[in-house]
Amino acid sequence: MNAGTPRPYRRPPHFAWWWGHRAYTLFVARELTSIFVAATALVLLGFAWTAVQGPDAYAAYVAVMTRPAAAVFHAVALVAVVYHALTWWTLAPRAAAVRVDGRRLSPRAVLGGAYAAWAAASAVVAWLVLRGP
Amino acid sequence: MAEPTITLEVWRYRPEQDTTPHLQPYQVPYRPHWVVLDAQNYIKDHLDGSVAYRWSCRMGVCGSCGMTINGVPRLSCAAFLKEYFPRPVRVEPLATFPVERDLIVDLTDFLEKLPAVRPWIVRHEAGPPDAEFRQTPEELEAYRQFSMCINCLLCYAACPVYALEPRFLGPAVLALAARYTLDSRDQGRADRHPVVAGPDGVWDCTFVGECTTVCPKDVDPAGAIQRLKLASALDWLRGVVLPWGRR
C-alpha cells in the first residue's frame, strides 16, 4: 500500500439517487410528466393533421381517440399535464424577476399574474372551441 | 443525574489504511445549545484526535464546515443537536466531491471552474476610474442577494445534475456569474456569455431547485441560473429577430 499517497475516494452516484428524498422524487416525477406533455401535443397535432386530410380521416382519428384505451391515456395524461403545468407556474416567480416601478414583484403577484394569464388563454380557447360553427 | 448523550456517526475514510469508508459512532454529551460542530470538536479534543474535518469561523460566514448531516447538506456550525436529539446524527462529507480524508473533500473542481465566469467587475476602459462608481439602492438590490455566497458548496452537494454531469459549472459559479453580470458597474456580460451559455453552463440546469433550498445565505442560485437562461434566450432571440441589432 502506498502510505501517504493521496487517494481521494470517489463515491459513484447511486442509480436511484432520486428515491427517498422528497424534493428529488417530485422533481423526477415532474420530468417524467414531460413525456405525457409531449404525447398530448402529438395527439392534438394528430387532430389538426387529420382535419387537413379530410372528414373521413378526421372521423377515423376521432374513433381511435375515443376507444377505452385512449380514454385511459387521456385521463392519465390530463393528470400528468396538470401536475406539470402547476409545478411549472410554481417555478415561474423564481425564474422571472419582474420589476414594476423599481420594485421586484412578490412571488405571489407573479404567480397570480401567471394563473390569470393561463385562465384568460383557456377561456379564449374554450370560446373558440365551444362557440359552434 | 448523568448528562444525556447523543450519538454522532462519523464517516471515516483514511486513504493510507481504508479502501472503503465506514461510519464510526461516538457518544458525545448532549447540550441543547451545541451545534454539530461543537460535538465534532468534543470528539477531536476528548475521544479521537484523528477525525479530520474543516471549520473556521463557527458563525456561518467562512463556509468551511459544509457537510452532509443526516442526508442533508448543511453547515455543521448551524445544525443544532437539538434538531436531531435523541436520534443519532450521521455526519458525512459533502456529496458529489471526491473525499480526501474523513469529512474533507477535494474542492479543486470548483476552484478551477470559478475563474471561467470572471467573478469580478469587468471594465473595458483602460486604467482605473477617477472616482468611485456610484450605484443607486435599486442597482445594488439587483445583485446583492447573489453577492452573499460564501462558497460553502452545499449547493453542489445538493445538485443531482452536478453529481451526474461533473462538467456542469454548477450553482455557485453561475450565481456568481449572475452577481457580476447584474452589477451596473460591470461590462463583462459578453465576455461571460460563451461560458455561461456554453455546453457546461446554465442550460445543463434542469431546475431541481435544491441548491436554493440548502443555501445557508439565501443566495438562490437556482433563481440566478433561470435568470441567466432567460437573458441568454433573449440574446439569442434578438440575434435571430434583429440580426442587425446584435451586439
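All figures in this text were calculated on a predicted structure; none of them were measured in a lab.

Draft legend 1. Summary view of the sheet that holds strand E1 (residues 5–12) of chain B. Residues and elements named next belong to chain B. Reading across the sheet, the five strands line up as E2-E1-E5-E3-E4 and stay open at both edges, with mixed pairing between neighbours. Of all the strands in the sheet, the pair left with one neighbour each is strand E2 (22–29) and strand E4 (72–75). For this sheet, the mean inter-axis angle between neighbouring strands, taken without regard to orientation, is 35°.

Draft legend 2. Examining the domain arrangement of chain A more closely. All names here are of chain A. Per the domain assignment, the segments making up chain A are domain 1 (18–91) and domain 2 (106–133). Taken together, the contact between domain 1 and domain 2 spans four residues of the former and four residues of the latter. Across the interface of domain 1 and domain 2, roughly 420 Å² is buried in total on both sides, 79% from carbon and sulfur atoms. For the pair domain 1 and domain 2, the number of links is zero residue pairs in polar contact (both at pLDDT 80 or more).

Draft legend 3. How the structure looks around the nonpolar core. In this structure, B:Leu8, B:Val36, B:Leu81, B:Val89, B:Tyr156, B:Phe168 and B:Leu174 are the most contacted members of the largest nonpolar core, which totals 74 residues. The element that contributes the greatest number of residues to this core is helix H6 (residues 171–181) of chain B, accounting for eight residues.

Draft legend 4. The arrangement of the interface of chain B and chain A in detail. Each side of the interface is counted separately: chain B has 39 residues, and chain A has 22 residues. Summing both sides of the interface, chain B and chain A together bury roughly 2,300 Å²; the carbon and sulfur share of this comes to 57%. Remark: the boundary between chain B and chain A carries zero salt bridges. Per-element accounting of the side of chain B that touches chain A gives the leading share, five residues, to helix H9 (residues 221–241) of chain B. Of the residues contributing to the side of chain B that touches chain A, the split by class is 21 nonpolar, ten polar and eight charged.

Draft legend 5. Inspection of the packing of helix H3 (residues 68–95) of chain A against helix H4 (residues 107–130) of chain A at higher detail. All names here are of chain A. Where H3 contacts H4, the axes come no closer than 8 Å and their chain directions differ by 140°. The orientation of H3 with respect to H4, classified from their angle, is oblique. In this structure, the crossing between H3 and H4 has a hand that is right-handed. Here Ala-85, Leu-86, Trp-89, Thr-90 and Pro-93 of H3 lie close against H4, whose contacting residues are Pro-107, Val-110, Leu-111, Ala-114, Tyr-115 and Trp-118. A class-by-class count of the residues in the contact of H3 with H4 yields ten nonpolar, one polar and no charged.

Draft legend 6. Up close: the environment of B:Asp200. Residue and element names in this part refer to chain B. Among the structural elements, Asp-200 can be located in the loop between helix H7 (189–196) and helix H8 (210–214). A residue is classified by how much of its surface remains accessible, and Asp-200, at 23% relative accessible area, is partly exposed. Along the sequence, Asp-200 and Gly-170 sit 30 residues apart, while their C-alpha atoms lie 8.6 Å from each other. Those residues in contact with Asp-200 that lie beyond four places of it in its chain are Arg-167, Phe-168 and Leu-169.

Draft legend 7. Representation of unusual backbone geometry in the model. All names here are of chain B. Note the cis peptide between Phe-85 and Pro-86, where omega equals 5°. Considering the arrangement of structural elements, one finds Pro-86 in the loop between E4 and strand E5 (89–92). For Arg-58, which is not glycine, the phi torsion reads 65° and is therefore positive. Looking at the secondary structure, you find Arg-58 in the loop between helix H1 (36–47) and strand E3 (66–69).

Draft legend 8. Region of interest: a nonpolar patch on the surface. Residues and elements named next belong to chain B. Judged by side-chain polarity, Leu-230, Leu-234, Trp-236, Leu-237, Val-240, Val-241, Leu-242 and Trp-244 come together as a nonpolar surface patch covering roughly 850 Å² of accessible area. Considering the arrangement of structural elements, one finds Leu-230 in helix H9. The exposure class of Leu-230 is partly exposed, given its relative accessible area of 45%.

Draft legend 9. Just the packing of H6(B) against H9(B), in detail. All names here are of chain B. Relative to each other, H6 and H9 sit at 60°, their axes nearing to 8 Å. With respect to each other, H6 and H9 are oriented oblique. Classified by chirality, the crossing of H9 by H6 is left-handed. Residues Pro-171, Leu-174, Ala-175, Ala-177 and Ala-178 of H6 form the contact with H9, whose own contacting residues are Pro-221, Ala-224, Ile-225 and Leu-228. By residue class, the composition of the contact of H6 with H9 is nine nonpolar, no polar and no charged.

Draft legend 10. Quick peek at the environment of A:Gly46. Its location among the elements puts A:Gly46 in helix H1 (residues 22–53). Separated by 85 residues in the primary sequence, A:Gly46 and A:Arg131 have C-alpha atoms spaced 22 Å apart.

Draft legend 11. Fine view of the domain arrangement of chain B. Residue and element names in this part refer to chain B. When the domains of chain B are assigned, the result is domain 1 (5–105) and domain 2 (108–245). Here the C-alpha centre of domain 2 lies 31 Å away from the C-alpha centre of domain 1. Across the domain 1 to domain 2 interface the summed buried area is about 980 Å²; carbon plus sulfur atoms make up 73%. By the criterion of area lost to domain 2, the three top residues of domain 1 are Pro-73, Thr-96 and Phe-97, representing 49% of everything that side buries. The tally of links between domain 1 and domain 2 comes to zero salt bridges. Taken together, the links from domain 1 to domain 2 amount to two residue pairs in polar contact (both at pLDDT 80 or more). Elements supplying a minimum of two residues to the side of domain 1 that touches domain 2: E3 and E4. No other element matches E4, which puts three residues into the side of domain 1 that touches domain 2.

Draft legend 12. Structural detail: the packing of aromatic side chains. Within the structure shown, the criterion is met by 15 aromatic pairs over all chains. On the basis of an interplanar angle of 85° and a centroid distance of 4.9 Å, the ring pair of A:Phe47 and A:Tyr61 is categorised as edge-to-face. Linking A:Phe47 in helix H1 with A:Tyr61 in helix H2 (residues 55–65), this pair joins segments that are 14 residues apart in sequence. Look at A:Tyr61 and you get buried, because its relative accessible area is 16%. Site record: aromatic cluster; members linked through ring pairs are B:Phe97, B:Phe110, B:Tyr156 and B:Tyr162. Lying across the ring of A:Trp127, A:Arg131 places its NZ or CZ 5.1 Å from the centre. The ring of B:Tyr180 is capped by B:Arg179, whose NZ or CZ atom sits 3.9 Å from the centre of that ring.

How each quantity is defined
- Numbering of residues starts from 1 in every chain and runs along the sequence as written.
- For naming, the first written chain is A and the first written ligand is 1, with later ones following in the order written.
- For a predicted model such as this one, the threshold for reporting local features is a pLDDT of at least 70, and the threshold for listing and counting side-chain atom pairs is 80 or more; totals across whole chains, interfaces and linings nevertheless cover every residue.
- Computation of side-chain values covers all heavy atoms of the structure but excludes hydrogens and water.
- The rule for pairing is simple: two strands pair if DSSP sees at least two bridges between them.
- Helix and strand definitions here come from DSSP, where helices need a minimum of 4 consecutive H or I residues and strands a minimum of 2 consecutive E residues; each element is numbered from the N-terminal end.
- Fitting a line to C-alpha atoms yields each axis, with helices limited to the stretch in contact; the angle taken between N-to-C directions then spans 0 to 180 degrees.
- Each domain's extent was defined by an automatic or database domain assignment.
- Contact criterion: two residues are considered in contact whenever any of their non-hydrogen atoms come within 4.5 Å of each other.
- By buried area we mean the combined loss of accessible area, with a 1.4 Å probe, across both parts when two parts are placed together.
- Distance and chemistry together define a polar contact, namely a pair of N or O atoms within 3.5 Å, with one atom able to donate a hydrogen and the other to accept it when in protein, and with adjacent residues in sequence counting only for side-chain atoms on both sides.
- Only buried residues count toward a nonpolar core, which is a set of Ala, Val, Leu, Ile, Met, Phe, Trp, Tyr and Cys residues joined through side-chain atoms within 4.5 Å.
- Accessible area is worked out with a 1.4 Å probe on protein chains only. A residue is then buried under 20% of its type maximum, exposed over 50%, and partly exposed in between.
- Salt bridge, as applied in this entry: a Lys or Arg side-chain nitrogen positioned within 4 Å of an Asp or Glu carboxyl oxygen.
- All residues other than Ala, Val, Leu, Ile, Met, Phe, Trp, Tyr, Cys, Pro, Asp, Glu, Lys and Arg, Gly among them, are scored as polar; the first ten of these are nonpolar and the last four charged.
- Note on terminology: angles under 35 degrees are roughly parallel, angles over 145 are roughly antiparallel, angles of 65 to 115 are roughly perpendicular, and the others are oblique.
- For any helix crossing, the convention is left-handed if the near helix is rotated counterclockwise from the far helix by under a right angle, and right-handed if that rotation is clockwise.
- Patches here: salt-bridge-free residues with over 30% relative accessible area, like charges joined within 9 Å, nonpolar side chains (Val, Leu, Ile, Met, Phe, Trp, Tyr) joined within 5 Å.
- Note on areas: Shrake-Rupley, 1.4 Å probe, and residue coverage restricted to the protein chains presented here.
- Only Phe, Tyr and Trp rings are paired, with Trp represented by its six-membered ring, and only when their centres lie within 6.5 Å; those with planes under 30 degrees apart are stacked, over 60 edge-to-face, the remainder tilted.
- Note on criteria: charge over ring means Lys NZ or Arg CZ within 6 Å of the ring centre, with the direction from the centre no more than 35 degrees off the ring normal.

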